[in-house]
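Spelled out from the first residue to the last, the chains are:
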Amino acid sequence: MKQLMLGNAAAARGLFEAGCEVISSYPGTPSTEITEEAAKFKEIYCEWAPNEKVALESAFGACLAGRRAFCGMKHVGLNVAADPLYTMSYTGVNAGLVIGVADDPGMHSSQNEQDSRHHAIASKVPMLEPSDADEARRFAAMAFEISEKFDTPVLYKMCTRVAHSQSITEPAERVVPEHKAYEKTISKYVMAPANAIKRHPFVEQRMKDLEKWSETSGVNRIEKSTEVVSIRPAGYSTTDTTVQSDKVGIITSSTSYQYVKEVLGDSVNILKLGMVNPLPADMIRKFAEGLEKLIVVEELDPIIETFVRGLGLKCEIHGKDMFPICGEFSQNLVAAAFGKDVPQGKKLDGVQIPVRPPIMCAGCPHRGMFYALNKLKVTVFGDIGCYTLGSVAPLSAMDVTLCMGASFSGLHGWNKAGGADNEKKSVAVIGDSTFMHSGMTGLATIAYNQSNSTVIVLDNSITGMTGHQQNPTTGKNLYGDPAGRVDLEALARAMGINRVRVVDPYNIAECETAVREELEVAEPSLIISRRPCALLKEVKHNPPLVVDQDKCKSCKMCMKIGCPAISMKGGKAKIDATLCVGCGVCSQMCKFGAL
């Protein structure tokens, strides 16, 4: 029966139908729900790994054991997993191995806008790219078939719009293939140089075979125009103002295909790509025959366009001269590029729409620590997580955020370069999940190379920013069942950090004292700022605070912590009882006892 399904849920359904039995992933928007949805099928073992590299290596081990396996991550996570991926291209697989990666055009929740197709090309691994929920389901199963047919891991590329939109698909039954026995083959799986050099020609031939397969498999398809209209594409290098649509061909994929179809319908010839690496050269040449204009519509980098330009086609080729290289596309953007009328929404003339900047939640346990750091005027090396919002006004308590795990190692380099001048007024902060992901190595370099660095783990007992996933410090696995728990204090001491202390971030004075004291010590030190996320269901809150209007002096000190539950009304502080969790941080700011 046909169902309306979220793209990520459809991907999980496709994994289930294909007989996938093991999934190891690291949460990262917009990929997270693939693994969460897959965990609802009891037939699939699912887990959160400490990071994407570990997840991919675990999935690889499962495929060697003869079980179809999947590993999911977001685009920046593929950077972390690149080391095993590039060599895995040489080893090949036993049972099928599919690697899900979700790009984020427009950077809705990411620190960069990289295009994962580059990894597919560089690692010489095939990449499928669904454009809706139905393809998300079907391509997941197809990816396993390709993996086993061509002895290769397969990259399965989603993007925010496909992952988080809904469309129609028709689920099928689960089919589990016969388990493939593992055969010890040192020349295939031990990538010492003498073996690896012999595997490289296999990889090159495999890409040629995959390209030939993609020409006729149906994963890429040509849609001929059924009507002829005049269109006026923008950005043409010629003097033409209009062109007959049957003389125009569009090559596109993913959501860009959906936008093209919505704007132009069946009036143009379309080559819709489902496999974006390797690209089908012969199919593109055939498609271009008789065309005057060939237009590539693709988000982010001109990967398809560059390939097409290298084919020596006779028709005029356009791409990034018509479409931006930055940001996410839309129907209106495509319409404007093809000279179509762009619908205009209603304007709210004269209406002042209140701004809604991103901010830490009411009762966020990180707020007290960030206020203390702001007060102490220290340089703060930050990291990736919901606590990155500590950089936002009015706290503005973060100077640098680069990538997962970079805070500790960045501070180490900063202190080694600047010496005592930097050591006494600089700290690094990292979340508990991010620390397990890639912060331990930064702490190890601090301990090993002995920089006088003060580092802070913001332990809120969960992976917060991606939607409350468990991690190795929480004592629970993906299913919420009891699991092994990493003891942060014991781990830090075992790594060579002698000074380890725990503070309550709801106590501003305690946080400030701890930071001051550790900055004065001439050795590495770790502060664990520990209190569970205020949004966890098991957390019991105090009654909301109230404001004594007679005692409030309108000094606005309580506003300096940036809590969304506090505002100024009629010149007096006001607390929203529906938001306040009674953490008491604001009451520590008021010298008049008004809170």
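Preceding block: the structure.
Treat the numbers as computed from the prediction; the structure is a model and nothing was measured. (Residues numbered from 1 in each chain as written. Predicted model: local features only at pLDDT ≥ 70, side-chain atom pairs only at ≥ 80, totals over all residues. Heavy atoms only, no water.)

A. Quick look at the pairing of strand 23 (residues 572-575). Side chains of strand 23 alternate between two faces, with Ala573 and Ile575 buried and Lys572 and Lys574 left unburied. Pairing geometry for strand 22 (residues 566-569) and strand 23, over four bridges, is antiparallel. Within strand 23, the residue paired with methionine 568 across the bridge is alanine 573. Hairpin geometry of strand 22 and strand 23 is characterised by an intervening segment of two residues between the two adjacent antiparallel strands and by a positive phi of about 60 degrees at glycine 570. (Buried < 20%, exposed > 50% of the residue type's maximum accessible area, 1.4 Å probe, protein only. Helix = DSSP H or I, 4+ residues; strand = E, 2+ residues; numbered from the N terminus. Pairing = 2+ DSSP bridges.)

B. Seen up close, the packing of aromatic side chains. Taken as a whole and judged by the stated rule, the model has seven aromatic pairs. Consider the rings of phenylalanine 16 and phenylalanine 41, whose centres lie 4.2 Å apart with planes at 10 degrees: the pair is stacked. Of the two residues, phenylalanine 16 is situated in helix 1 (residues 7-17) and phenylalanine 41 in the loop between helix 2 (32-38) and strand 3 (45-48); the sequence distance between them amounts to 25 residues. Phenylalanine 41 carries the same exposure label as phenylalanine 16, and that label is buried. On the basis of an interplanar angle of 35 degrees and a centroid distance of 6.1 Å, the ring pair of tyrosine 182 and tyrosine 189 is categorised as tilted. (Phe/Tyr/Trp six-rings, centres within 6.5 Å; stacked < 30°, edge-to-face > 60°.)

C. The pattern of salt bridges, seen in detail. Applying the stated criterion to the full structure yields 32 salt bridges. Salt-bridge contacts for glutamate 37 lead to lysine 40; the nearest nitrogen and oxygen are separated by 3.1 Å. Residue lysine 40 is classed as exposed on the basis of its relative accessible area, which comes to 62%. Its salt-bridge partner being glutamate 223, residue arginine 221 comes within 2.8 Å of it at the nearest N-O pair. Residue classification places arginine 221 among the partly exposed positions, given a relative accessible area of 32%. Connected via shared salt-bridge partners are Glu135, Arg221, Glu223, Lys261, Asp266 and Lys272. (Salt bridge = Lys/Arg side-chain N within 4 Å of Asp/Glu carboxyl O.)

D. Highlighting the nonpolar core. If you look at the biggest cluster of nonpolar residues, it comprises 63 residues, and the most contacted ones within it are Met369, Phe370, Leu373, Phe408, Ile456 and Val515. Take this core: its biggest share by element is six residues, from helix 14 (residues 366-376). In contact with methionine 369, other than residues within four places in its own chain, are Ile456, Leu458, Val503, Pro505, Cys511, Val515, Ile527 and Ser529. Core analysis: the second largest hydrophobic core is formed by 44 residues, Ala49, Val93, Leu279 and Cys315 among them. (Core = buried A, V, L, I, M, F, W, Y, C linked by side-chain atoms within 4.5 Å. Contact = heavy atoms within 4.5 Å.)

E. Geometry of the packing of helix 14 against helix 19 (residues 508-519). At a closest axis distance of 9 Å, the pairing of helix 14 and helix 19 adopts a crossing angle of 50 degrees. Considering their axes alone, helix 14 and helix 19 lie oblique with respect to each other. Considering how the two elements wind past one another, helix 14 and helix 19 form a crossing that is right-handed. In this structure, helix 14 contributes Gly368, Met369, Tyr371, Ala372, Leu373, Lys375 and Leu376 to the contact, and helix 19 contributes Ile508, Cys511, Glu512, Val515 and Arg516. (Axes fitted to C-alpha atoms, helices over the stretch in contact; angles between N-to-C directions. Parallel < 35°, antiparallel > 145°, perpendicular 65-115°, else oblique. Left-handed = near helix turned anticlockwise from the far one by under 90°.)

F. Spatial organisation of the sheet that holds strand 3. Spatial strand order, 3-2-4-5-7-6-14: seven strands in an open sheet with mixed pairing. Each end of this open sheet is capped by a strand with a single partner; those strands are strand 3 and strand 14 (275-277). For strand 6 (residues 127-128) and strand 7 (residues 154-159), the ladder comprises two bridges, and the chain directions are parallel. Residue pairing for strand 7: leucine 128 is matched across the bridge by tyrosine 156. Along the sheet, helix 4 (residues 75-91) contacts strand 4 (69-74), strand 5 (97-103) and strand 7; its crossing angle with strand 4, the most-contacted strand, is approximately 140 degrees.

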